[in-house]
Amino acid sequence: MPRIHCPTPLTEGAVLALSASAARHVQVLRAQPGDALTLFDGRGGQWAACIERMGRSEVTVRVGAHEAVEREAPRAVHLACGMPANERMDWLVEKATELGMASLQPLHTAHSVLRVSGERAEKKQAHWQQVAVAACEQCGRNRVPAVAPVRAMADWLAGLGPAQGLRCVLSLAASARPLAAVLRDAEPACALWLLSGPEGGLSREEEAAACTAGFTPVSLGPRVLRAETAPLAALVLANGG
């Protein structure tokens, strides 16, 4: 059954027109009036729905009963990532959403290849947010992780408040503790803020600044993973993989 995200709050009995992108999705599936859909608005749970009318560019649906279905990971993992270049960032957002990330902070770092600002940065943020929405529609999540505006890493660190939960930075330093060991010492539901670098990793100065902000250097093992792979491996570890 097709799953559609609706950005407006849903209520039982409401009749509403789907967004343009959602309507195109339904039309591509060759759905017809009377066909069933599942809707979710990101506030929790999902809603049964039925197509009322199919127009040339508009699809109208009637919202049915709410279903208290949640598929969130036991541990909230908030990623802060030096942005990998090209389509790798899209891939990271998609797969991290499927694996249960709670939020994503894209960062400019010293070794970042991808650098965006102004209107281009806003368009990238909106695009990545839509990638997360599409991933939720596909994987069954009913809560969409927020993708924050792009920030410089130094500004982001300066704006962090007191630590709540775990703060870890992926590191290649010999002294870095295994992430699995750090997680074993924490409560199972303790939230994790995970910082990772782009291609080339974080600079020594950036890693030192992260440590000053309360981040513990952690390792994923003896192999060097790609910038878009490492956060995903950490997500799996964080939730019992």
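In this report, the structure presented in the accompanying data block is examined. This structure is a prediction, so every number in the text was calculated from the model and none was measured.

1. Some remarks on the packing of helix 2 (residues 88-98) against helix 7 (residues 230-238)
For any two helices packed against each other, one specifies the crossing angle of their axes together with the interaxial distance.
Here's step 1: Following both chains from N to C, one finds helix 2 and helix 7 inclined at 5°, their axes separated by 10 Å at the closest point. Taken together, the axes of helix 2 and helix 7 are roughly parallel relative to one another. On helix 7, the residues touching Trp 91, Leu 92, Lys 95 and Ala 96 of helix 2 are Pro 231, Leu 232 and Leu 235.
Here's step 2: Within the contact of helix 2 with helix 7, the residues separate by chemical class into 6 nonpolar, no polar and 1 charged.

2. Considering the environment of Gly 55
Here's step 1: By secondary structure assignment, the location of Gly 55 is in the loop between strand 4 (46-54) and strand 5 (59-67).
Here's step 2: Sequence separation between Gly 55 and Glu 137 is 82 residues, and the spatial gap between their C-alpha atoms is 23 Å.

3. Considering the pattern of salt bridges
Here's step 1: In the structure shown here, the tally under the stated rule is 12 salt bridges.
Here's step 2: Among the ionic contacts, a cluster of salt bridges with common partners joins Arg 88, Glu 199, Arg 226 and Glu 228.

4. Comments concerning the packing of aromatic side chains
Here's step 1: Scanning all chains against the criterion turns up 1 aromatic pair.
Here's step 2: Considering the side-chain rings of Trp 156 and Phe 215, the 5.9 Å spacing of their centres and the 50° angle between planes classify their relative orientation as tilted. In this pair, Trp 156 sits in helix 4 (residues 153-158) while Phe 215 sits in the loop between helix 6 (204-212) and strand 13 (216-219), placing the two residues 59 residues apart along the sequence.

5. Thoughts on the pairing of strand 12 (residues 192-196)
Here's step 1: Counted residue by residue, strand 12 has 4 buried out of 5 residues, so it is predominantly covered.
Here's step 2: By the bridge criterion, 5 bridges tie strand 6 (residues 77-82) to strand 12 in an arrangement that is parallel. Bridging from a neighbouring strand, His 78 pairs with Trp 193 of strand 12.
Here's step 3: Across 4 bridges, strand 10 (residues 166-170) lies against strand 12 in parallel orientation. Note that in strand 12 the partner of Leu 166 across the bridge is Leu 192.

6. Regarding the sheet that holds strand 3 (residues 36-40)
Here's step 1: Strand order in the open sheet made by the 5 strands is 1-3-4-5-2, with mixed pairing throughout. A strand with exactly one partner marks an edge of an open sheet, and here the two such strands are strand 1 (3-5) and strand 2 (15-17). Across the sheet, the mean angle separating the axes of adjacent strands is 40° when strand polarity is ignored.
Here's step 2: Strand direction decides the pairing type here: strand 4 and strand 5, joined by 7 bridges, are antiparallel.

7. As for the packing of helix 2 against helix 3 (residues 118-139)
Here's step 1: One way to put it is that helix 2 packs onto helix 3 with a least axis distance of 8 Å and a crossing angle of 40°. The orientation of helix 2 with respect to helix 3, classified from their angle, is oblique. Where helix 2 crosses over helix 3, the two elements pack in a sense that is right-handed. Contact with helix 2, carried on its side by Met 89, Asp 90, Val 93, Glu 94, Thr 97 and Glu 98, involves His 127, Trp 128, Val 131, Ala 132, Ala 135, Cys 136, Gln 138 and Cys 139 of helix 3 and no other residues of that element.
Here's step 2: In the contact of helix 2 with helix 3, the residues fall into 8 nonpolar, 3 polar and 3 charged.

8. Side note on the nonpolar core
Here's step 1: Counting residues in each nonpolar core, the largest one holds 33 residues, and the members touching the most others are Leu 79, Val 93, Leu 104, Trp 128 and Leu 192.
Here's step 2: The set of elements that each furnish at least two residues to this core consists of strand 6, helix 2, helix 3, strand 10, helix 5 (179-184), strand 12 and helix 7.
Here's step 3: The element best represented in this core is helix 7, accounting for 5 residues.
Here's step 4: By size, the runner-up hydrophobic cluster in this structure holds 17 residues, among which are Ala 22, Ala 23, Trp 47 and Val 63.

9. So, the environment of Glu 98
Here's step 1: Position of Glu 98 relative to the elements: it lies in helix 2.
Here's step 2: Taking the C-alpha atoms as reference, Glu 98 lies 17 Å from Ala 80; in sequence the two are 18 residues apart.
Here's step 3: Setting aside chain neighbours within four positions, we find Glu 98 in contact with Ala 135, Gln 138 and Cys 139.

10. Some remarks on the pairing of strand 10
Here's step 1: For strand 10, a buried count of 5 out of 5 residues is recorded, marking the element as mostly surrounded by other parts of the structure.
Here's step 2: Residues Leu 166, Cys 168 and Leu 170 line one face of strand 10 and the alternating positions Arg 167 and Val 169 line the opposite face, and both faces are buried.
Here's step 3: Pairing of strand 10 with strand 13 involves 3 bridges; the strand directions are parallel. Paired with Leu 170 across the strands is Val 218, a residue of strand 13.

The rules behind each value
- Position numbers for residues count from 1 along each chain, tracking the sequence in the order it is written.
- Under the rules for a predicted model, residues below a pLDDT of 70 receive no local features and side-chain atom pairs below 80 are neither given nor counted, while totals for whole chains, interfaces and linings still include all residues.
- Values reported for side chains reflect all heavy atoms of the structure, with hydrogen atoms and water molecules removed beforehand.
- Here the axes come from fitting lines to C-alpha atoms, over the contacting stretch only for helices, and the angles between their N-to-C directions go from 0 to 180 degrees.
- Helix and strand assignments follow DSSP, with helices taken as H or I runs no shorter than four residues and strands as E runs no shorter than two, numbered in order from the N terminus.
- Roughly parallel covers angles under 35 degrees, roughly antiparallel covers those over 145, roughly perpendicular covers 65 to 115, and oblique covers all other angles.
- Contacts: residue pairs with any heavy atoms within 4.5 Å of one another.
- Throughout, the ten residues Ala, Val, Leu, Ile, Met, Phe, Trp, Tyr, Cys and Pro are labelled nonpolar, Asp, Glu, Lys and Arg are labelled charged, and all others, Gly among them, are labelled polar.
- The term salt bridge refers to a side-chain nitrogen of Lys or Arg lying within 4 Å of a carboxyl oxygen of Asp or Glu.
- Pairing of aromatic rings covers Phe, Tyr and Trp, the last through its six-membered ring, and needs centres within 6.5 Å; plane angles under 30 degrees mean stacked, over 60 mean edge-to-face, and all others mean tilted.
- For each residue, the accessible area found with a 1.4 Å probe, counting protein chains only, is set against the maximum for its type, and the residue is called buried under 20%, exposed over 50%, and partly exposed in between.
- Any two strands between which DSSP finds at least two bridges are classified as paired.
- Each crossing gets its hand from how the near helix is turned against the far one by less than a right angle, where anticlockwise is left-handed and clockwise is right-handed.
- By nonpolar core we mean a set of buried residues, namely Ala, Val, Leu, Ile, Met, Phe, Trp, Tyr and Cys, connected to one another through side-chain atoms within 4.5 Å.

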